[in-house]
Amino acid sequence: MNLPDYRYKQLLDAVFRQHTIRFEDMKPLPKELRGKLIEQFGETVIGIKAIHHEKSTQTDKVLFELPDGNRVETVGLFYKEGWNSFCISSQSGCAFGCKFCATGTLGLHRNMTSDEICDQVLYFMQQGFTINSISFMGMGEPFANPNLFEALRDLTDTELFGLSQRRITISTIGIVPSIKRLTKEFPQINLAYSLHAPTNQLRETLMPITKTYSLDLVLDTLDNHIRQTNRKVFLAYIMLKGINDSEKHAEQLIELLFRHKKYLALYHLDLIPYNQTTVAQKLTPPSNKCIQAFCKVLHGAGISVNIRTQFGSDINAACGQLAGTYNNKSEKGETKMLQEQEKSLQWLLCPVCKNKTRVKIRDDTVLEKFPLFCPKCKNETLINVKQFNITVIKEPNAKT
Ligand code: SAH
Ligand code: SF4
């Protein structure tokens, strides 16, 4: 819609300063224009619909429905000190299938558009909340969604959301090309790398992406990020009982981090007790005593380390517990539904070498301009996917 500059400014003022989301309520705009906006965009500026709320002390988990019926979850965390933080999603589902994560069992439904990503923030703004910080720790892998960068542009635009880069954190399993792009385009945005294991061998069993981007390759890329930005990088380590929580693992972790000693002072390690989900019932968190002992070994080696407990786990709103389902489904029903969804998943085959990639799709998966990296032939192809049909937009050859 072509609006004169001053009208566009009035519209932005209504949305971002007055927090008015219904076009009908934007009184500074003439009635006729309000009518046209409603005709084109619907009743409100927010294109996603909140269909379910779950509140507990200090948290509010909202289930949103996207215009095509796909679902994502967003969590508001309200700290006693008066700080509001929002954990937002970037994809409906996720393709990477990390063994401990509820979202991973869904497979990837689709990337969210940049507007849908930002609408999650807008929703809380219009409810009167101050947005102090946001983290991409909801559903999905932000760096596998090319729309992320447009969303970051809007979130940091002073005429729109006006968030400073330092108030935004991106959590990633380590998608190297996107980390490099962030370093260039948004150097002040905080990065958190989901490490979760001290060796490639162990990490591969938990996070298949490790075969594509090894621990040292990602840490080298992060070293470079630190060199260029002088910003602290956060490392997340989920503690899983009997899997990655022994003294030997702590020693291996020290070895790994000491290979990146030059920048060690700017790495901070967060130890996170595993949040139990209904999808990986065999996994459990270690005892507090064990986590503390692990922390002590790392601390003793001079590593900046903390134990991070999260609130929200009582309503499945903590990291890794987001699966886009209603809470009124019984756990059994939820598990069955997820198992059925898993059955309908298919591997995406590399258009170049025809081998399986690490991405699974469903019949309702829609991907646009998706950068598909093949771990076998190491080519990156740009593809569209709809109803299992793959269209290649750009053939390689961006070797990473
Ligand atoms: N895809 C991104 C961001 C979303 S997940 C990533 O994986 O980094 C946000 C964080 O929650 C990540 O650190 C992820 O590893 C962690 N997480 C996933 N499942 C979890 C679980 N069950 N318990 C604790 N943390 C979990
Ligand atoms: Fe996806 Fe992150 Fe969950 Fe892995 S941990 S499946 S990358 S959301």
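Residues numbered from 1 in each chain as written. Chains lettered and ligands numbered in written order. Predicted model: local features only at pLDDT ≥ 70, side-chain atom pairs only at ≥ 80, totals over all residues.

Undergrad: Can you walk me through the overall build of the protein in this structure?
TA: Looking only at helices and strands, the protein features 10 helices and 16 strands. Going through the 400 residues of the protein one by one, you find that 40% of them count as buried. Within the protein, contacts between residues at least 6 apart in sequence are counted, and of these 62% link residues at least 24 apart. (Helix = DSSP H or I, 4+ residues; strand = E, 2+ residues; numbered from the N terminus. Buried ≥ 20, exposed ≤ 12 C-beta atoms within 10 Å, placed from the backbone. Contact = placed C-beta atoms within 7 Å.)

Undergrad: Whenever I open this one, the packing of helix H3 (residues 114-126) against helix H4 (residues 148-156) confuses me. Can you help?
TA: Helix packing for two helices is described by the angle between their axes and how far apart those axes are. The interhelical angle for the contact between H3 and H4, taken along N-to-C directions, is 40 degrees, at an axis separation of 8 Å. Between H3 and H4, the angle is such that the two are oblique. Crossing angle aside, the handedness with which H3 passes H4 is right-handed. Here Ser 114, Ile 117, Cys 118 and Val 121 of H3 come into contact with H4, specifically with Glu 150, Ala 151, Asp 154 and Leu 155. Here the residues of the contact of H3 with H4 sort into 5 nonpolar, 1 polar and 2 charged. (Axes fitted to C-alpha atoms, helices over the stretch in contact; angles between N-to-C directions. Parallel < 35°, antiparallel > 145°, perpendicular 65-115°, else oblique. Left-handed = near helix turned anticlockwise from the far one by under 90°. Nonpolar A, V, L, I, M, F, W, Y, C, P; charged D, E, K, R; others polar.)

Undergrad: Is there a simple way to explain the nonpolar core in this structure?
TA: It is characteristic of soluble globular proteins that their nonpolar side chains tend to be buried jointly. By size, the foremost hydrophobic cluster in this structure holds 90 residues, and its most contacted members are Val 121, Leu 155 and Met 239. Ranked by residue count, the leading element in this core is strand E14 (residues 356-373), at 6 residues. Here Val 121 is in contact with Phe 86, Ile 88, Ile 131, Ile 134, Leu 155 and Phe 161, once residues within four sequence places are set aside. (Core = buried A, V, L, I, M, F, W, Y, C linked by C-beta atoms within 7 Å.)

Undergrad: Which parts of the structure should I look at to understand the site of ligand 2?
TA: Around ligand 2, the neighbouring residues are Cys 94, Phe 96, Gly 97, Cys 98, Cys 101, Thr 103, Gly 104, Gly 140, Glu 141 and Ile 173. Of the residues assigned to the shell around ligand 2, the class counts are 5 nonpolar, 4 polar and 1 charged. (Near = placed C-beta within 6 Å.)

Undergrad: Can you help me understand the confidence of the model for the protein in this one?
TA: Any region with low pLDDT has predicted coordinates that should not be read closely. Put simply, the protein has an average pLDDT of 87, and 87% of its residues get 70 or more. Confidence drops under a pLDDT of 50 for residues 326-335, and excluding neighbours within four residues, the segment shows 9 contacts in the predicted structure. (pLDDT = per-residue confidence, 0-100.)

Undergrad: Mind showing me how you'd approach helix H7 (residues 215-229) here?
TA: Helical periodicity: at 3.6 residues per turn, an α-helix aligns residues three or four positions apart in one direction. Between its first and last C-alpha atoms H7 spans 21 Å; for 15 residues at 1.5 Å apiece the expected length is 21 Å, and the two agree. Once H7 finishes, Asn 230 follows within two positions and takes phi at roughly 60 degrees, a positive value. (Expected span 1.5 Å × (residues − 1).)

Undergrad: How should I be thinking about the pairing of strand E2 (residues 59-65) in this particular structure?
TA: The side chains of a regular strand alternate between both faces of the sheet. In terms of burial, E2 is largely enclosed, as 5 of its 7 residues are buried. Bridge count for strand E1 (residues 49-56) against E2 is 7 bridges, and the pairing is antiparallel. Bridge pairing links Ser 56 to Thr 59 in E2. Bridging between E2 and strand E3 (residues 71-78) involves 7 bridges; their strand directions are antiparallel. Bridge pairing in E3 links Phe 64 to Val 72. (Pairing = 2+ DSSP bridges.)

Undergrad: Can you help me understand the sheet that holds strand E10 (residues 233-239) in this one?
TA: Sheet strands line up and pair through hydrogen bonds in the backbone, either parallel or antiparallel. Spatially, the 10 strands line up as an open sheet ordered E1-E2-E3-E4-E7-E8-E9-E10-E11-E12, and their pairing is mixed. Two strands bound the open sheet, and with one partner strand each, they are E1 and strand E12 (305-307). With direction set aside, neighbouring strand axes in the sheet form an average angle of 20 degrees. The sheet strands contacting H7 are strand E9 (190-194) and E10, and the helix crosses E9 at an angle near 165 degrees.

Undergrad: Teacher, can you tell me more about the environment of Ile 390 here?
TA: Checked against the element boundaries, Ile 390 lands in strand E16 (residues 389-394). Sequence-wise, Ile 390 and Leu 348 are 42 residues apart; in three dimensions their C-alpha atoms are separated by 8.7 Å. The residues contacting Ile 390, other than those within four sequence positions of it, are Pro 351, Ile 383 and Val 385.

Undergrad: What am I meant to see in helix H5 (residues 176-185) here?
TA: Every buried residue of H5 is listed here: Ser 178, Ile 179, Leu 182 and Thr 183. Burial along H5 is one-sided: seen end-on, the buried residues are contained in an arc of 145 degrees. Of the residues in H5, the exposed ones pointing more than 90 degrees away from the buried face are Lys 184 and Glu 185. Summarising the contacts, the buried residues of H5 are in contact with strand E8 (168-172), E9 and H7. (Arc of directions from axis to C-beta.)

Undergrad: Help me understand unusual backbone geometry in this model?
TA: With the exception of glycine, the majority of residues adopt a negative phi angle, and the majority of peptide bonds are in the trans configuration. A positive phi is found at His 19, a non-glycine position, where the angle reads about 60 degrees. Position of His 19 among the secondary structure elements: in the loop between helix H1 (5-17) and helix H2 (31-41).

Undergrad: What am I meant to see in the packing of H5 against H7 here?
TA: Where H5 contacts H7, the axes come no closer than 10 Å and their chain directions differ by 0 degrees. Looking at the two axes, H5 sits roughly parallel to H7. Within the contact between the two elements, H5 uses Val 176, Ile 179, Lys 180 and Thr 183 and H7 uses Leu 217, Val 218, Thr 221, Leu 222, Asn 224, His 225, Gln 228 and Thr 229. Here the residues of the contact of H5 with H7 sort into 5 nonpolar, 6 polar and 1 charged.

Undergrad: Any chance you could explain the pairing of strand E4 (residues 84-87) here in plain terms?
TA: With 4 bridges joining them, E3 and E4 adopt antiparallel strand pairing. Following the sheet pairing, Gly 76 is matched in E4 by Phe 86. With antiparallel pairing between neighbouring strands as the criterion, E3 and E4 make up a hairpin whose turn holds 5 residues, including Gly 82 at a positive phi of roughly 95 degrees. As defined by bridge partners, E4 adjoins strand E7 (residues 133-136) across 3 bridges and the pair is classed as parallel. Looking at the pairing, Cys 87 lines up with Ser 135 of E7.

Undergrad: Sorry, what's going on with the environment of Val 352 here?
TA: Along the chain, Val 352 falls in the loop between strand E13 (346-349) and E14. Taking the number of C-beta atoms within 10 Å as the measure of exposure, Val 352 has 18 and is therefore partly exposed.

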